[in-house]
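# Reading the structure
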Amino acid sequence: DAGSGTGILAIMAMKLGAVKVTAFDIDEWSVENGNENFEINDFHDLSMQIGDIRSVKMEEAYDLILANINKNVLLDEMEVYAAKLLQGGKLLLSGFYDIADISQKACEYGLQPLGQKVRNKWTSLLFQKA
């Protein structure tokens, strides 16, 4: 869960059966709040880290990466997302308006589009590693 904020997506992933979750954010308040939310939900082994995808401790590869971050950060980090996905893994991106730039960059790194949703101009895109 890249750009975890309050940790809600990491919590939902755990509640839905994820075996291992990595959560991180660049904002100190978000990390503190996320860790409090993990404790409240009895996920004592889950800990949110401070930093970005290049600086935090991560697993070798993931089945799913969630990132609700602004467009420029997503574009900058796309190569890392693609590298951290298992073959057939999915990348769900949200938090931006412009579909074209994000889609083009994802395709450059072997990520195939699976779907998109737009609501009040906000977009989410789903990709899969070929």
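Check the entry above for the structure.
I will try to describe carefully the structure that is included in this document. Predicted model only: the values in this text are computed from it and were never measured. (Residues numbered from 1 in each chain as written. Predicted model: local features only at pLDDT ≥ 70, side-chain atom pairs only at ≥ 80, totals over all residues. Heavy atoms only, no water.)

### Looking at the environment of leucine 66
Here leucine 66 is to be found in strand E3 (residues 62–68). Among the residues examined, leucine 66 registers a relative accessible area of 14% and is labelled buried. Sequence separation between leucine 66 and glycine 17 is 49 residues; the distance between their C-alpha atoms is 16 Å. (Helix = DSSP H or I, 4+ residues; strand = E, 2+ residues; numbered from the N terminus. Buried < 20%, exposed > 50% of the residue type's maximum accessible area, 1.4 Å probe, protein only.)

### So, the environment of lysine 90
When you line up the elements, lysine 90 lands in strand E4 (residues 85–96). Note: C-alpha distance between lysine 90 and aspartate 27 (63 residues apart in sequence) is 25 Å. Not counting the four nearest positions on each side in its chain, lysine 90 is found in contact with Asp63, Leu64, Ile65, Leu85, Leu114, Leu126, Phe127 and Gln128. (Contact = heavy atoms within 4.5 Å.)

### Some remarks on the packing of helix H3 (residues 71–84) against helix H4 (residues 99–108)
A pair of packed helices is characterised by two quantities: the angle between their axes and the separation of those axes. Relative orientation of the contacting elements H3 and H4 amounts to 10 degrees, with a least axis distance of 9 Å. On the basis of their axis angle, the class for H3 and H4 is roughly parallel. Of the residues in H4, those touching H3 at Lys71, Leu74, Leu75 and Met78 are Asp101, Ile102, Lys105 and Ala106. (Axes fitted to C-alpha atoms, helices over the stretch in contact; angles between N-to-C directions. Parallel < 35°, antiparallel > 145°, perpendicular 65-115°, else oblique.)

### Quick word on helix H2 (residues 28–40)
For H2, which comprises 13 residues, the first-to-last C-alpha distance of 18 Å matches the rise-based estimate of 18 Å (1.5 Å per residue) to within 8%. Those residues of H2 that sit buried are Ser30, Val31, Asn33, Gly34, Asn37 and Phe38. The distance from a side-chain oxygen at the start of H2 to the backbone nitrogen of tryptophan 29 is 3.3 Å, and the residue carrying that oxygen is aspartate 27. Downstream of H2 by a residue or two, aspartate 42 has a phi angle that is positive, lying close to 60 degrees. (Expected span 1.5 Å × (residues − 1). Polar contact = N/O pair within 3.5 Å; in protein donor to acceptor, adjacent residues only side chain to side chain.)

### A short note on the pairing of strand E6 (residues 122–129)
Look at any regular strand and the pattern is simple: side chains alternate between the two faces of the sheet. The alternating pattern of E6 places Thr123, Leu125, Phe127 and Lys129 on a buried face, while none of Trp122, Ser124, Leu126 and Gln128, on the opposite face, is buried. Two elements, E4 and E6, share six bridges in a ladder whose sense is antiparallel. Note that in E6 the partner of leucine 91 across the bridge is phenylalanine 127. Pairing geometry for strand E5 (residues 111–119) and E6, over eight bridges, is antiparallel. Among the inter-strand pairings, glutamine 112 is bridged to a residue of E6, identified as glutamine 128. If you look at the hairpin formed by E5 and E6, you'll find two residues sitting between the two strands, and asparagine 120 has a positive phi there, around 50 degrees. (Pairing = 2+ DSSP bridges.)

### Focus: the sheet that holds E3
Spatially, E3-E4-E6-E5 is the arrangement adopted by the four strands of the open sheet, whose pairing is mixed. Two strands in the sheet have a free side with no partner beyond their single neighbour: E3 and E5. The average angle at which neighbouring strand axes cross in this sheet is 10 degrees, direction not considered. In the packing of H4 onto the sheet, contacts are made with E4, E5 and E6, and the angle to E6 comes to roughly 10 degrees.

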